[in-house]
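# Structure at a glance
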Amino acid sequence: MASVHKTKGIVLRTVKYGETSLIASIYTEAFGLQSYLINGVRTSSRKGPGKAGLFQPAAMLDMIVYHNELKNLQRIKEFKWGHLYKHIFSNILKNAVALFMVELLSKTIKQPEQNSDLFYFIEDSFLHLDESEQSVVANYPLFFALHLAALNGLRFSDAYTPQNCFLDLQEGEFVKEQPVHPYFLSGQHSYITSQLLKAQQPHELNTIHLNQETRRILLNAYQQFYALHLQDFGVMKTLPVLQEVLS
């Protein structure tokens, strides 16, 4: 028997279902990752366009949902904007960063488990992205990737020193000697990762000045880190688009 609950949710992806409906993958405050069937949202009427626009990736919703623990596909009774972004859906750079974040979340969150710390981190991350200056936005994907890893139990031990100057991506720690495998960062890239790990709030990214090539190397390395530690992680489709926009 389904019970009715009020929850906030962040849309990760949708697929069309039938002529007028959607199935949406939404990370919720109350139940973690859930799939919802939303009937009739792709229809337009005299009153205006359908409500499919509310289910764009990264959209924040306030929802009243029917929840049945025994079902994989849930239903939504009511939904509305939880927060309406000022820039994420219209600014090309912020949208590219948001889509990168959404794909990373989709690849790392697989189980329908409630996790308040993770939900509030994701919510805050999108809110900060929407409000951030351009200088912060360029470094935002790096910041998000590192801090999301920590919440997924993949924390780097930030023990960087001039002696511990190799970042072993396989072990997730800074080491003294160059690893025998190819999955490591050294020199400036290792040091910058240490600085990014120390940043606790997005505005601190203002002080970390990186060029396009450095960001490209770091983003590829962090993707490699996830792929080493999460089965079936694969390759991120949004990464080439993001790097193009950042260039």
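## Quick word on helix H6 (residues 212-229)
- For H6, with 18 residues, the first-to-last C-alpha span of 26 Å sits near the 26 Å given by 1.5 Å per residue.
- The complete set of buried residues in H6 reads Thr 214, Arg 215, Leu 218, Leu 219, Ala 221, Tyr 222, Gln 223, Phe 225 and Tyr 226.
- Considering only its buried residues, H6 is in contact with helix H1 (92-108), helix H4 (140-151), strand E8 (184-185), helix H5 (187-198) and helix H7 (238-246).
- Between the side-chain oxygen of the N-cap and the backbone nitrogen of Glu 213 there are 3.3 Å, and the N-cap of H6 in question is Asn 211.

## A few points about the packing of aromatic side chains
- The tally for this structure, following the rule as stated, stands at 13 aromatic pairs.
- Taking 6.3 Å as the distance between ring centres and 45 degrees as the angle between the ring planes, the aromatic pair formed by Trp 81 and Phe 89 counts as tilted.
- Accessibility expressed as a relative area gives 29% for Trp 81, which makes it partly exposed.
- On the basis of relative accessibility, which here comes to 28%, the residue Phe 89 falls in the partly exposed class.
- Feature note: the residues Phe 156, Phe 225, Tyr 226 and Phe 233 constitute an aromatic cluster, connected by ring pairs.
- In this arrangement the basic side chain of Lys 51 is found over the ring face of Phe 79, its NZ or CZ atom lying 5.8 Å from the centre.

## Describing the sheet that holds strand E6 (residues 166-168)
- Read from one edge of the open sheet, 3 strands run E7-E6-E8, paired in antiparallel fashion. Lying at the two open borders of the sheet, with one neighbouring strand each, are strand E7 (173-175) and E8.
- Where E6 lies against E7, 3 bridges are found, and the strand directions are antiparallel. Looking at the pairing, Leu 167 lines up with Phe 174 of E7.

## Some remarks on unusual backbone geometry
- In the Ramachandran plot, Ala 58 falls in the positive-phi region, its phi being about 85 degrees despite a non-glycine side chain.
- Unlike most non-glycine residues, Asp 232 shows phi in positive territory, near 65 degrees.
- Mapped onto the secondary structure, Asp 232 falls in the loop between H6 and H7.
- Of the residues examined, Asp 232 reaches a relative accessible area of 72% and is grouped as exposed.

## Considering the packing of H1 against H4
- Running from N to C, H1 and H4 cross one another at 20 degrees; their axes reach a closest spacing of 10 Å. For the element pair H1 / H4, the angle class is roughly parallel. Classified by chirality, the crossing of H4 by H1 is right-handed. Listed contacts from H4 to Val 97, Phe 100, Met 101, Leu 104, Leu 105 and Thr 108 of H1 are Tyr 140, Pro 141, Phe 144, Ala 145 and Leu 148.
- In terms of residue class, the contact of H1 with H4 is built from 10 nonpolar, 1 polar and no charged.

## Looking at the packing of H4 against H6
- Closest axis-to-axis distance for the H4/H6 pair is 10 Å, and the angle between their directions is 20 degrees. Accordingly, the angle class assigned to the pair H4 and H6 is roughly parallel. The two elements H4 and H6 cross, and the hand of that crossing is left-handed. Contact residues: Pro 141, Leu 142, Ala 145, Leu 146, Leu 148 and Ala 149 in H4; Arg 215, Leu 218, Leu 219, Tyr 222, Phe 225 and Tyr 226 in H6.
- Tallied by class, the residues present in the contact of H4 with H6 amount to 11 nonpolar, no polar and 1 charged.

## Digging into H7
- For H7, the complete set of buried residues consists of Thr 238, Leu 239, Leu 242, Gln 243 and Leu 246. Down the axis of H7, the buried side of the element spans an arc of 130 degrees, and every buried residue falls inside it. Projecting away from the buried face of H7 at angles above 90 degrees are the exposed residues Pro 240 and Glu 244.

Rules used in this analysis
Residues numbered from 1 in each chain as written. Predicted model: local features only at pLDDT ≥ 70, side-chain atom pairs only at ≥ 80, totals over all residues. Heavy atoms only, no water. Helix = DSSP H or I, 4+ residues; strand = E, 2+ residues; numbered from the N terminus. Expected span 1.5 Å × (residues − 1). Buried < 20%, exposed > 50% of the residue type's maximum accessible area, 1.4 Å probe, protein only. Contact = heavy atoms within 4.5 Å. Polar contact = N/O pair within 3.5 Å; in protein donor to acceptor, adjacent residues only side chain to side chain. Phe/Tyr/Trp six-rings, centres within 6.5 Å; stacked < 30°, edge-to-face > 60°. Lys NZ or Arg CZ within 6 Å of the ring centre and 35° of its normal. Pairing = 2+ DSSP bridges. Axes fitted to C-alpha atoms, helices over the stretch in contact; angles between N-to-C directions. Parallel < 35°, antiparallel > 145°, perpendicular 65-115°, else oblique. Left-handed = near helix turned anticlockwise from the far one by under 90°. Nonpolar A, V, L, I, M, F, W, Y, C, P; charged D, E, K, R; others polar. Arc of directions from axis to C-beta.

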